[in-house]
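Results of the structural survey
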Amino acid sequence: MNPCWVLERVGNGAIAAVALHDGHDVRQEVADLMVISEADRWREEDPFTAAWTTIADTQIVVKRSRFELDLNRPREKAVYIDPRDAWGLEVWQSVPPAEILTRSLAEYDTFYANLERIFRDLERRHGRFVVFELHTYNHRRLGRDAEPADPRYNPEINLGTATLDRDRWHSIIQSFLSDLRNFDFLGRQLDVRENVKFYGGHFPTWVHQKFPDSACVLSIEVKKFFMDEWTNEVDLEQLEAIRHALQSTVPGILKQLAVETRRKY
């Protein structure tokens with residue numbers, strides 16, 4: 001069994017990238033209690049987001065499925081017990097026994113303890129830092145052949161900023177949005193909007209509470225327009241183009257971080 005998460009790389013820059021829901025692994029004792037199909041698990045996970053973490057110097061990839069342990073939920077909600085916690089899906093034969101839940105939550109605690117250590121180091125070295133929190137989301141929930149969700153309410157890229165101090169980080173947010181909207185994405189521009197579909201979950205809330213003056217988490221949700229969410233077939237050209245689009249925002253963010261640092265000192 002792979003570890004719950006891996007620190008792929010720690011670099012010298014002030015940007016980190018985290019793929020919280022890329023993982024598909026579950027511990028055997030957990031798998032033995034599950035009734036949810038592997039296909040349903042795949043559909044609600046965020047496969048391929050680990051590939052986008054390479055835009056950052058520090059890269060954190062979660063290997064464990066969110067159906068074992070969701071690191072973007074508060075601790076008391078990190079294990080989906082009720083189907084309402086999991087898009088109406090039945091996950092368990094019966095509620096997992098306390099000892100299994102305890103072992104899962106121990107991994108939750110270890111993840112966040114290590115995350116605090118990593119981010120304290122970024123704070124010490126850079127003063128301020130930016131975290132790309134990378135997710136994907138479904139837009140064909142009625143079926144593979146059904147009409148997709150209304151694009152008016154489902155942008156191709158949704159930036160969630162509700163958990164951060166927008167006044168403090170205004171220049172970073174605007175730089176990200178502007179560069180991403182202006183990127184030449186295979187001959188067109190992406191539909192990039194802020195706080196339309198998602199606003200940011202527990203992970204950015206925790207980071208901003210722990211690092212109120214130094215951390216800016218950009219909660220990025222990419223609509224699964226680049227893949228078939230029902231089969232996990234992916235368009236590799238679009239997958240790579242999304243990575244390049246995200247990468248294009250890094251120079252502007254670093255420039256704004258440098259400006260803010262000069263203002264502070």
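So, here is what we can say about the structure in this document. Predicted model, so just to flag it, every value in this text is computed and none were measured.

What counts and what doesn't
Residues numbered from 1 in each chain as written. Predicted model: local features only at pLDDT ≥ 70, side-chain atom pairs only at ≥ 80, totals over all residues. Heavy atoms only, no water. Helix = DSSP H or I, 4+ residues; strand = E, 2+ residues; numbered from the N terminus. Rg over C-alpha atoms; globule rule 2.2 N^0.38 Å. Lys, Arg positive; Asp, Glu negative; His and termini not counted. Charge placed at Lys NZ, Arg CZ, Asp CG, Glu CD. Axes fitted to C-alpha atoms, helices over the stretch in contact; angles between N-to-C directions. Parallel < 35°, antiparallel > 145°, perpendicular 65-115°, else oblique. Left-handed = near helix turned anticlockwise from the far one by under 90°. Contact = heavy atoms within 4.5 Å. Nonpolar A, V, L, I, M, F, W, Y, C, P; charged D, E, K, R; others polar. Polar contact = N/O pair within 3.5 Å; in protein donor to acceptor, adjacent residues only side chain to side chain. Salt bridge = Lys/Arg side-chain N within 4 Å of Asp/Glu carboxyl O. Buried < 20%, exposed > 50% of the residue type's maximum accessible area, 1.4 Å probe, protein only.

Side note on the overall build of the protein chain
In terms of regular secondary structure, the protein chain is built from eight helices and seven strands. Its C-alpha radius of gyration of 18 Å places the protein chain within 12% of the 18 Å reference for a compact globule of 265 residues. When the backbone C-alpha atoms are referred to their principal axes, the protein chain occupies close to 55 × 40 × 30 Å. Averaging the coordinates of the 35 positive side-chain charges in the protein chain and doing the same for the 43 negative ones gives two points 6 Å apart.

Here's the deal with the packing of helix H4 (residues 98-126) against helix H6 (residues 202-210)
In a packed pair of helices, the relevant descriptors are the angle between the two axes and the axis-to-axis distance. Look at H4 against H6: their axes get within 12 Å of each other, and the N-to-C directions meet at 45°. Judged on the interaxial angle alone, H6 and H4 are oblique. The two elements H4 and H6 cross, and the hand of that crossing is right-handed. When H4 is examined against H6, the residues Tyr-108, Tyr-112, Leu-115, Glu-116, Phe-119 and Arg-120 are found in contact with a partner set consisting of His-202, Phe-203, Trp-206, Val-207 and Lys-210. Residues belonging to the contact of H4 with H6 are distributed by class as follows: seven nonpolar, one polar and three charged.

So, the environment of Asp-25
Within the element layout of this structure, Asp-25 appears in the loop between strand E2 (15-19) and helix H1 (28-31). Between the alpha carbons of Asp-25 and Pro-3 there is a distance of 9.2 Å; along the sequence they are 22 residues apart.

Describing the side chain of Glu-44
Of note, Glu-44 is situated in helix H2 (residues 38-44). Engagement of the side chain of Glu-44 in a polar contact is seen with the side chain of Asn-138, the distance being 3.4 Å. Once you skip the residues sitting within four places of it in the chain, Glu-44 turns out to touch Arg-66, Phe-67, Trp-87, Leu-89, Asn-138 and Arg-141.

Some words on the pattern of salt bridges
All told, the structure shown has 27 salt bridges when counted by the stated rule. With its nearest N and O atoms 3.1 Å apart, the salt bridge here joins Arg-120 to Glu-123. One end of the pair, Arg-120, and the other, Glu-123, are both in helix H4, three residues apart, so they sit about a helical turn from each other. Overall, the relative accessible area of 25% leaves Glu-123 in the partly exposed class. The partner of Glu-233 in a salt bridge is Arg-144, and the shortest N-O contact between them spans 3.5 Å. Of the two residues, Glu-233 sits in the loop between strand E7 (215-223) and helix H7 (236-247) while Arg-144 sits in the loop between strand E4 (129-137) and strand E5 (157-160), which places them 89 residues apart along the sequence. According to the relative accessible area criterion, Glu-233 is partly exposed, its value standing at 49%. Taking the relative accessible area as the measure of exposure, Arg-144 reaches 44% and is therefore partly exposed. A cluster of three or more residues bridged by salt bridges with shared partners is formed by Arg-27, Glu-29, Arg-64, Glu-68, Arg-103 and Glu-107.

Thoughts on the side chain of Glu-229
When you line up the elements, Glu-229 lands in the loop between E7 and H7. The buried charged residue Glu-229 lacks any salt bridge partner; its closest oppositely charged side chain belongs to Arg-140, at an N-O distance of 5.7 Å. Side-chain polar atoms of Glu-229 contact the backbone nitrogen of His-139, separated by 2.9 Å. Side-chain polar atoms of Glu-229 contact the backbone nitrogen of Arg-140, separated by 2.8 Å. Excluding its chain neighbours within four sequence positions, the residues that come into contact with Glu-229 are Arg-43, Asn-138, His-139, Arg-140, Arg-141 and Lys-224.

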